[in-house]
Amino acid sequence: MGKLALFHLLCGILIFWAVSVVKAEDPYKYFTWTATYGMASPLGTPQQVILINGQFPGPRLDLVTNDNIVLNLINKLDEPLLLTWNGIKQRKNSWQDGVLGTNCPIPPNRNYIYKFQPKDQIGSYTYFPSTQLHRAAGGFGVLNVYARSVIPVPYAKPAGDFSLLIGDWYKTSHKVLRQILDSGKSLPFPDGLLINGQKQSTFTGDQGKTYMFRISNVGLKTTINFRIQGHKMKLVEVEGSHVIQNLYDSFDVHVGQSLSILVTLDQSPKDYYIVASTRFTTTVLTSTSVLHYTNSQTPVSGPVPAAPVNQFQWSLMQARTIRWNLTSNAARPNPQGSFHYGKITPSRTILLANSAPLINGKQRYAVNGISYINPDTPLKLADHFNIPGVFTLDSIRSAPTADSPHLATAVLPSSLHEFLEIVFQNNEDTMQSWHLDGYDFWVVGFGSGTWTQASRKGYNLVDALTRHTTQVYPKSWTAIYVSLDNQGMWNLRSAMWDRQYLGQQVYLRVYNPTASLANEYDIPTNALLCGKAAALRHP
Ligand SMILES: *[C@@H]1O[C@H](CO)[C@@H](O)[C@H](O)[C@H]1NC(C)=O
């Protein structure tokens with residue numbers, strides 16, 4: 001063999017090796033999903049729901065960190081549709097976030113192919129439809145991100161892995177609920193609580209073995225408490241953070257949040273209640289399912305385990321027990337604690353106060369007095385094509401004002417690589433749940449009353465966890481730190497969907513004046529164009 005031939009052979013082997021390594025670790029996964037209407041009777045009476053590939057809830061999406069997802073979503077509804085991937089950070093890629101500020105909604109009988117990579121995160125997540133109050137009709141599902149083989153997780157592989165989508169539910173169709181909100185009224189109290197789209201399900205496991213339960217609150221507006229009769233729950237993961245593995249009798253899960261617990265079937269062989277019930281509500285909705293031991297002959301019995309009697313204080317104390325395991329790794333091999341967030345001085349503080357004003361005689365929800373309205377052109381497209389008249393950068397102040405509340409397309413300007421302190425100030429007497437797309441953030445403090453600079457003395461600057469959705473207790477504040485390392489246009493919103501729908505949301509524009517593919521991917525060639533961008537063509 002000549003030198004050149006040998007060289008070519010070696011090159012070939014190298015290329016083959018490189019390609020197969022890439023393939024082995026970052027495989028492409030293809031999905032085709034069709035959204036349709038269908039009938040279901042989750043609360044006993046038939047109602048119209050949104051199906052994905054005929055399923056309610058939608059298909060379970062089991063991914064591995066760094067997988068390349070190519071998902072063709074076909075809209076067979078009679079209304080524009082978008083799915084958002086709740087908690088998937090969409091690194092450099094807000095193009096795929098699936099909210100109205102970043103994407104044109106998919107018109108009926110059209111499709112859009114999402115392309116994204118769930119990078120650097122391991123845990124339990126969800127997806128759900130983000131427009132038109134579709135979420136009240138279903139269309140949501142489980143999105144689990146598993147660790148790559150090279151990344152050890154801080155718990156033994158469970159014998160089984162159950163996902164539970166829990167949420168409040170209305171017998172009324174999403175169109176009627178939407179009309180109520182559009183007419184300027186708030187939503188009535190929900191009719192029930194569902195687990196995986198059903199009033200009751202059974203989860204089966206072997207005595208002596210340990211199972212993972214992935215719990216997400218996919219409801220519209222109500223916190224839930226989750227518990228299993230006679231069993232302790234070991235918390236292991238919260239929205240991509242591996243946490244100190246404390247044992248709990250029950251757990252509060254606020255709207256939009258997800259977590260993973262391990263449960264060892266260490267009791268005598270019988271069936272046990274799995275219970276979810278609404279929290280902080282005068283009427284308590286309860287959903288009971290069954291944990292069935294394979295060797296059990298005895299149906300569920302005894303009192304259904306009760307939720308903690310104490311409400312907000314209990315919940316707050318529990319929230320403070322959730323802490324990062326500093327030595328455990330996340331989706332990267334280096335430990336979570338190697339990022340010393342508490343040693344960084346935030347460059348800026350943004351203070352955001354929610355409110356429920358009447359604007360033009362209609363019920364709205366607002367942030368710093370601004371109740372968000374969706375423009376006809378996604379903000380991200382306006383930014384990309386330099387389309388004027390869609391949004392301005394002085395549309396919302398970074399602290400509450402005394403100005404009278406009004407409607408606007410609120411965009412908070414920020415720069416790539418800023419390190420922000422954001423304080424959610426809740427002067428209302430209801431629970432709040434705030435979500436940020438594109439990021440996870442450190443929840444550094446909860447406190448009652450009005451946040452002041454002195455409140456910082458109580459921050460956890462050592463082992464606060466990172467997550468994508470945090471609760472804010474009534475007449476209280478929650479402070480977060482966020483490292484703006486992900487350029488894009490990111491929705492910061494109430495995870496409570498009536499509030500989001502009626503304006504409790506803004507966009508955080510994480511911007512860098514020098515366009516660079518190293519910071520942000522280019523607009524996808526298949527991006528839908530609408531509004532003022534409709535007449536434009538892809539370059
Ligand atoms: C933290 O993570 C380490 C490494 O995975 C593990 O050995 C340890 O048990 C965890 N500690 C707690 C308290 O959960």
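Every value quoted in this text rests on a predicted model; they were computed, and no experiment measured them.

As for the overall build of the protein
- Scanning the protein from terminus to terminus reveals five helices and 35 strands.
- Expected size for 539 residues packed as a compact globule is a radius of gyration near 24 Å; at 23 Å, the protein falls within 12% of this value.
- Considered along the principal axes of its C-alpha atoms, the protein spans approximately 75 × 75 × 50 Å.
- At a minimum sequence separation of 6, the contacts of the protein that also span at least 24 residues come to 78%.
- Surface exposure of the protein reaches about 21500 Å², of which carbon and sulfur atoms provide 57%.
- In the protein, the 45 positive side-chain charges and the 34 negative ones have mean positions that sit 1 Å from each other.

Some thoughts on the sheet that holds strand 5 (residues 83-86)
- Strand order in the open sheet formed by four strands is 3-8-7-5, with mixed pairing between adjacent strands. The sheet is open, and its two borders are formed by strand 3 (61-64) and strand 5, each paired with just one other strand. For this sheet, the mean inter-axis angle between neighbouring strands, taken without regard to orientation, is 25°.
- The pairing of strand 3 with strand 8 (residues 141-146) spans four bridges and is classified as parallel. Each bridged residue has a counterpart across the sheet, and for aspartate 62 the counterpart in strand 8 is asparagine 144.

Looking at the sheet that holds strand 29 (residues 432-436)
- Here five strands make up an open sheet; going across it, the order is 27-35-34-29-32 and the pairing mixed. Bordering the open sheet on either side are strand 27 (411-415) and strand 32 (469-472), each of which pairs with just one other strand. Direction aside, neighbouring strands of the sheet carry axes that sit 20° apart on average.
- The sheet contact formed by strand 29 and strand 32 spans four bridges and is antiparallel. Bridge pairing in strand 32 links tryptophan 434 to threonine 470.

Structural notes on the nonpolar core
- In terms of nonpolar packing, the biggest core is built from 77 residues, with Trp33, Trp85, Tyr114 and Leu143 touching the most fellow members.
- Sort the elements by how many residues they give to this core and strand 35 (residues 505-511) lands first, with four residues.
- Among all residues touching tryptophan 33, those that are not within four sequence positions of it are Ile52, Asn53, Pro59, Leu61, Leu71, Asn72, Leu73, Ile74, Leu83, Trp85 and Tyr127.
- Counting 44 residues, the second-largest nonpolar core is a separate cluster that includes Tyr211, Ile228, Val444 and Tyr459.

Here we look at helix 3 (residues 312-321)
- Ser315, Leu316, Gln318 and Ala319 are the residues of helix 3 that are buried. Buried positions in helix 3, seen along its axis, are confined to an arc of 160° and lie on one side of it.
- Of the surrounding secondary structure, the elements contacted by the buried residues of helix 3 are strand 16 (247-248), strand 17 (250-253), strand 30 (441-448) and strand 32.

Details of the side chain of asparagine 368
- Position of asparagine 368 relative to the elements: it lies in the loop between strand 24 (366-367) and strand 25 (370-372).
- Looking at asparagine 368, the relative accessible area reads 4%, which means it is buried.
- Within the local environment of asparagine 368, its side chain forms a polar contact with the backbone oxygen of leucine 351, the two atoms lying 3.0 Å apart.
- In this view, asparagine 368 contacts Leu351, Leu352, Ala353, Ile396, Arg397, Ser398, Ala399, Pro400 and Thr401; residues no more than four positions away in its chain are not counted.

Some points on the domain arrangement of the protein
- You can read the domains of the protein as domain 1 (25-148), domain 2 (153-321) and domain 3 (339-533).
- Domain 1 and domain 3 are separated by 23 Å when their C-alpha centres are compared.
- Of all residues in domain 1, Lys92, Trp95 and Cys104 give up the largest surface area on contact with domain 3, accounting jointly for 28% of the area buried on that side.
- Linking domain 1 with domain 3 are two salt bridges, by the criterion used here.
- Those elements that provide at least two residues to the side of domain 1 that touches domain 3 are strand 5, strand 6 (111-116) and strand 7 (123-129).
- The class makeup of the residues in the side of domain 1 that touches domain 3 is 13 nonpolar, 12 polar and six charged.

Observations regarding the state of the cysteines
- What the rule picks out here adds up to one disulfide.
- With a sulfur-sulfur separation of 2.1 Å, cysteine 104 is cross-linked through a disulfide to cysteine 530. Judged by the sign of its S-S torsion, about -90°, the cystine formed by cysteine 104 and cysteine 530 is left-handed. Of the two residues, cysteine 104 sits in the loop between strand 5 and strand 6 while cysteine 530 sits in the segment after strand 35, which places them 426 residues apart along the sequence.
- For cysteine 104, a relative accessible area of 4% corresponds to the buried category.
- Note on cysteine 530: relative accessible area 16%, which makes it buried.

Thoughts on the site of the ligand
- Around the ligand, the structure places Pro154, Ile244, Gln245, Asn325, Thr327 and Ser328.
- One of the backbone N or O atoms of glutamine 245 is found 3.2 Å from an oxygen atom in the ligand.
- Taking asparagine 325, its side chain carries an N or O atom lying 2.3 Å from an oxygen atom of the ligand.
- Notes on the ligand: free accessible area 370 Å², of which the protein chains cover 50%.

Structural notes on the pattern of salt bridges
- Summed over the entire model, instances satisfying the criterion amount to 23 salt bridges.
- With its nearest N and O atoms 2.7 Å apart, the salt bridge here joins aspartate 161 to arginine 214. Residue aspartate 161 is located in strand 9 (residues 160-169), and its partner arginine 214 is located in strand 12 (residues 210-217); the two are separated by 53 residues in the primary sequence.
- Since its relative accessible area comes to 5%, arginine 214 is described here as buried.
- Residues arginine 397 and aspartate 403 are paired through a salt bridge, measuring 3.2 Å at the closest nitrogen-oxygen approach.
- Given the relative accessible area of 51%, arginine 397 is considered exposed.
- A relative accessible area of 42% places aspartate 403 in the partly exposed class.
- Linked through salt bridges whose partners overlap, the residues forming this network are Arg60, Asp62, Asp161 and Arg214.

Observations concerning the environment of leucine 187
- If you trace the backbone, leucine 187 turns up in the loop between helix 2 (174-182) and strand 10 (192-195).
- Accessibility expressed as a relative area gives 7% for leucine 187, which makes it buried.
- Put simply, leucine 187 and tyrosine 146 are 41 residues apart on the chain and 37 Å apart in space, counted from C-alpha to C-alpha.
- If we ignore the near neighbours within four places in the chain, the residues touching leucine 187 are Tyr170, Leu177, Leu181, Leu220, Lys221 and Asp498.

Calculation notes
In this convention, every chain numbers its residues from 1, walking through the sequence in written order. Side-chain atom pairs in this predicted model are given and counted only at pLDDT of 80 or more, local residue features only at pLDDT of at least 70, and totals for whole chains, interfaces and linings cover all residues. Note: side-chain values were computed over all heavy atoms of the structure, leaving out hydrogens and water. Secondary structure elements follow DSSP: runs of H or I of four or more residues count as helices, runs of E of two or more count as strands, with numbering from the N terminus. Radius of gyration: over C-alpha atoms. The globule rule applied is 2.2 Å multiplied by the number of residues raised to the 0.38 power. Note on contacts: a residue pair is in contact if any heavy atoms of the two residues lie within 4.5 Å. Note that accessible areas follow from Shrake-Rupley with a 1.4 Å probe, and for residues the cover is restricted to the protein chains shown. Under the convention used here, Asp and Glu are negative, Lys and Arg are positive, and both His and the chain ends fall outside the count. In this description, the location of a charge corresponds to atom NZ of lysine, CZ of arginine, CG of aspartate or CD of glutamate. Whether two strands pair depends on DSSP finding at least two bridges between them. Fitting a line to C-alpha atoms yields each axis, with helices limited to the stretch in contact; the angle taken between N-to-C directions then spans 0 to 180 degrees. Nonpolar cores were defined as sets of buried Ala, Val, Leu, Ile, Met, Phe, Trp, Tyr and Cys residues, with membership established by side-chain atoms within 4.5 Å. The buried label goes to any residue with under 20% of its type's maximum accessible area, the exposed label to any with over 50%, and the partly exposed label to all in between, with areas taken from a 1.4 Å probe on protein chains only. In this description, one arc is meant: the one made by directions from the helix axis to the C-beta atoms. Counted as a polar contact is a pair of N or O atoms within 3.5 Å, where, for protein atoms, one must be capable of donating a hydrogen and the other of accepting one, and residues adjacent in sequence contribute only when both atoms are in side chains. All domain edges in this entry derive from an automatic or database-based domain assignment. Here the quantity called buried area is the total loss of accessible area, with a 1.4 Å probe, experienced by two parts when brought into contact, counted for both. Salt bridge criterion: a side-chain nitrogen from Lys or Arg within 4 Å of a carboxyl oxygen from Asp or Glu. Classes in brief: Ala, Val, Leu, Ile, Met, Phe, Trp, Tyr, Cys and Pro nonpolar; Asp, Glu, Lys and Arg charged; the others, Gly included, polar. For the purposes of this analysis, a disulfide is any pair of cysteine sulfur atoms at a distance within 2.5 Å. Any residue with a heavy atom lying within 4 Å of a molecule or strand is counted as near it.

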